[in-house]
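Commentary on secondary and tertiary structure
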Amino acid sequence: MSSSSSSSSSASPSSPLFIAALIVLWYSSNIGVLLLNKLLLSNYGFRFPIFLTMCHMSACALLSYFSVAFLKVFPLQQIRSRSQLLRIATLSVVFCASVVGGNISLRYLPVSFNQAVGATTPFFTAVFAYLVTFKREAWVTYAALVPVVTGVMIASGGEPSFHLYGFIMCISATAARAFKSVLQGILLSSEGEKLNSMNLLLYMSPIAVLVLLPATLLMEPDVLEVTLSLGMKHRFMWLLLCINSVAAYLANLSNFLVTKHTSALTLQVLGNAKGAVAVVISILLFKNPVTFIGIGGYTMTVMGVIAYGEAKRRLK
């Protein structure tokens, strides 16, 4: 009797073992999709970031439906009105822009520098929150953003593989990600229209595919021909593409589950550490050159992000 109860408690959603497994899944899927994106877009000559994003969104659409319809991982929240659907479609377009921009930047920038620029998301979130909603933060919070921006400026100057177009796309993707979070807070603010992250992904993903399909055909017209050719040349490319697409969904699912079973603060702490882990692994894997100036700039940015999060938490 006691052995059965102990085994059931070890498998319960609140057990340390279960939470540890979720965190491992969150880390591996988030870092995995980032590294696989870089591997496909740079090392394999797969120069189709829009099509790659469409593969991600297709996997998210199919797996989200499977998770809610058959596995019952999360309860289904119905769309209540046409205006709510229109708002979700707007968020989906902004979401597409952020993911495509991030994938384009990985063609030209190393993962380490991509992560340094991506860490400035809180800065853009604060800017858009002020411009769109006129929401002001305490001066301490804004002061914490100074090292965030300064660190990226230092890292840019010390980046041996700096590419202007890649940098512009990375900054644009980071800004679009921040804008989407602010926009989501406005468009889905009423209690009746709030959706959890997985239901939002369930509805955004098919809309994203409909947006990305014509964009792919228009801007990447030779994608099928080149992809088939690369698939014949690199026998593991199709497998990597499938794993990458599934990892994109698992990153969203694990993000939702870690937040549900721990807290948003835990996720924030894990997120700060994840960037550093991704940087170290990418440098070891891709052997891109780094400088002490670049490392110093990235460290300053991460410390600024931590200070910003702590200031927000204390002033709540």
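The rules we used
Residues numbered from 1 in each chain as written. Predicted model: local features only at pLDDT ≥ 70, side-chain atom pairs only at ≥ 80, totals over all residues. Heavy atoms only, no water. Axes fitted to C-alpha atoms, helices over the stretch in contact; angles between N-to-C directions. Helix = DSSP H or I, 4+ residues; strand = E, 2+ residues; numbered from the N terminus. Parallel < 35°, antiparallel > 145°, perpendicular 65-115°, else oblique. Left-handed = near helix turned anticlockwise from the far one by under 90°. Contact = heavy atoms within 4.5 Å. Nonpolar A, V, L, I, M, F, W, Y, C, P; charged D, E, K, R; others polar. Phe/Tyr/Trp six-rings, centres within 6.5 Å; stacked < 30°, edge-to-face > 60°. Buried < 20%, exposed > 50% of the residue type's maximum accessible area, 1.4 Å probe, protein only. pLDDT = per-residue confidence, 0-100. Salt bridge = Lys/Arg side-chain N within 4 Å of Asp/Glu carboxyl O.

Before going further, it helps to spend a moment on the packing of helix α5 (residues 111–118) against helix α8 (residues 164–187). Contact pair α5 / α8: the axes reach a minimum separation of 9 Å and the direction vectors enclose 40 degrees. The angle between α5 and α8 falls in the class oblique. Crossing hand, α5 versus α8: right-handed. Judged by residue contacts, F113, N114, V117 and G118 of α5 engage F167, C170, I171, T174 and R177 from α8. Classifying every residue of the contact of α5 with α8 gives 5 nonpolar, 3 polar and 1 charged.

Turning next to the packing of aromatic side chains. One pass over the full model with this rule turns up 12 aromatic pairs. On the basis of an interplanar angle of 85 degrees and a centroid distance of 6.4 Å, the ring pair of Y65 and F70 is categorised as edge-to-face. The burial state of Y65 is the same as that of F70; both residues are exposed. Consider the rings of Y108 and Y165, whose centres lie 5.4 Å apart with planes at 85 degrees: the pair is edge-to-face. Note that Y108 is positioned in helix α4 (residues 82–108) and Y165 in helix α8, a separation of 57 residues in sequence. Exposure remark for Y108: the relative accessible area of 28% places this residue in the partly exposed category. For Y165, a relative accessible area of 39% puts it in the partly exposed group. Aromatic rings pair up to connect F46, F48 and F51 into one cluster.

Here the focus is the confidence of the model for the chain. Put simply, the chain has an average pLDDT of 90, and 95% of its residues get 70 or more. pLDDT under 50 marks residues 1–10. Its contacts with residues more than four places away, or in other chains, come to 3 contacts.

A word on the pattern of salt bridges. Applying the stated criterion across every chain, the model contains 5 salt bridges. Between E137 and K135 there is a salt bridge, with the nearest N and O atoms lying 4.0 Å from each other. Taking the shortest distance from any N to any O, the salt bridge between E310 and R314 comes out at 2.8 Å. One end of the pair, E310, and the other, R314, are both in helix α13 (residues 292–314), 4 residues apart, so they sit about a helical turn from each other.

To continue, consider unusual backbone geometry. In this model, K72 sits at a positive phi of 55 degrees, which is unusual for a non-glycine residue. Tracing the chain through its elements places K72 in the loop between α3 (49–71) and α4. Taking relative accessible area as the criterion, K72 reaches 59% and is therefore assigned exposed. Even without being glycine, F134 reaches a positive phi, approximately 60 degrees. We classify F134 as exposed; its relative accessible area is 64%.

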